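Listed below, chain by chain, are the residues.
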Amino acid sequence: MTDLMIILGSPASGKTTLARRLAAEFRVPCVCKDDVKEALFDVLGVTDRAHSKQLSDASFAALLRVARSQLEAGLSCIVEGNWRTEHAAGVLQLLSAVGARGAQVGCRANPLEIVRRFTSRMRHAGHLDAALPRDELQRCSGVAPPFLDLMGPRWVYDSDAPASYGELVRAVKTWRV
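Residues numbered from 1 in each chain as written. Predicted model: local features only at pLDDT ≥ 70, side-chain atom pairs only at ≥ 80, totals over all residues. Heavy atoms only, no water.

### Regarding the overall build of the protein
Across its full length, the protein holds seven helices and five strands. The C-alpha radius of gyration computed for the protein amounts to 16 Å, which stays within 12% of the reference 16 Å derived for 177 residues, consistent with globular compactness. Projected onto its principal axes, the C-alpha coordinates of the protein cover approximately 45 × 35 × 25 Å. The long-range share in the protein, meaning contacts at least 24 apart out of those at least 6 apart in sequence, stands at 76%. Accessible surface, the protein: about 9100 Å² in total, of which carbon and sulfur atoms supply 55%. One way to put it: in the protein the 23 positive side-chain charges average out to a point 3 Å from where the 19 negative ones average out. (Helix = DSSP H or I, 4+ residues; strand = E, 2+ residues; numbered from the N terminus. Rg over C-alpha atoms; globule rule 2.2 N^0.38 Å. Contact = heavy atoms within 4.5 Å. Areas by Shrake-Rupley, 256 points an atom, 1.4 Å probe, with all protein chains shown as cover. Lys, Arg positive; Asp, Glu negative; His and termini not counted. Charge placed at Lys NZ, Arg CZ, Asp CG, Glu CD.)

### Focus on helix H4 (residues 88-98)
Listed in full, the buried residues belonging to H4 are Ala88, Val91, Leu94 and Leu95. Projection of H4 onto a plane perpendicular to its axis shows the buried side chains occupying an angular sector of 130°, all on one side. Exposed residues pointing more than 90 degrees away from the buried face of H4 are listed as Ala89 and Ser96. Taken together, the buried residues of H4 touch strand S1 (3-9), helix H3 (49-72) and strand S4 (101-108). (Buried < 20%, exposed > 50% of the residue type's maximum accessible area, 1.4 Å probe, protein only. Arc of directions from axis to C-beta.)

### Things to note about the pattern of salt bridges
Here the idea is simple: oppositely charged side chains can pair when their charged atoms come close. Counted under the stated rule, the structure contains 10 salt bridges. Between glutamate 86 and arginine 84 there is a salt bridge; the shortest N-O distance is 2.7 Å. In this structure, arginine 116 engages glutamate 113 in a salt bridge whose closest nitrogen and oxygen atoms are separated by 2.7 Å. A residue pair is termed a helical-turn pair when its members lie 3 or 4 positions apart in one helix, as arginine 116 and glutamate 113 do in helix H5 (residues 111-120) at three residues. Accessibility expressed as a relative area gives 46% for arginine 116, which makes it partly exposed. Overlapping salt bridges, with partners in common, bring together Lys53, Asp57, Arg84 and Glu86 in one network. (Salt bridge = Lys/Arg side-chain N within 4 Å of Asp/Glu carboxyl O.)

Okay, here's the thing in structure tokens:
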């Protein structure tokens, strides 16, 4: 049986770092939304937040397409991004079409730590991070991981708690048996 692990959470909650670490731990492919989106920025450019949102939607469609290819080849995989409620139907259709199991990991951290990470990181200019109002960043930093309405386990990963990674790996290993 193949597994699709979905890593989600607010900006700067540790999603990409966790996804890449789990991919190495479990030796599975990992596709991160921002890698796709930044390639789209490089080719298509970005004009404003509305255009960035369109490229984000295209990136999620690409993630699902790549995941489908991996799962159809018999490979479990990890997809990472700031998944939203409207993505659940596409993920559910994918899991059903290929007969894979799904699991979700919601990343979180102390809201002050999320704000610190977000304001100190250097990302592709196409993300328009400077255009994100500070109050919106503070609001989303304190929100619990928005799990998708899917079957399968849901784990919460505290990216600023050192013991959280080991606990998550043990839970995933138990699930994958």
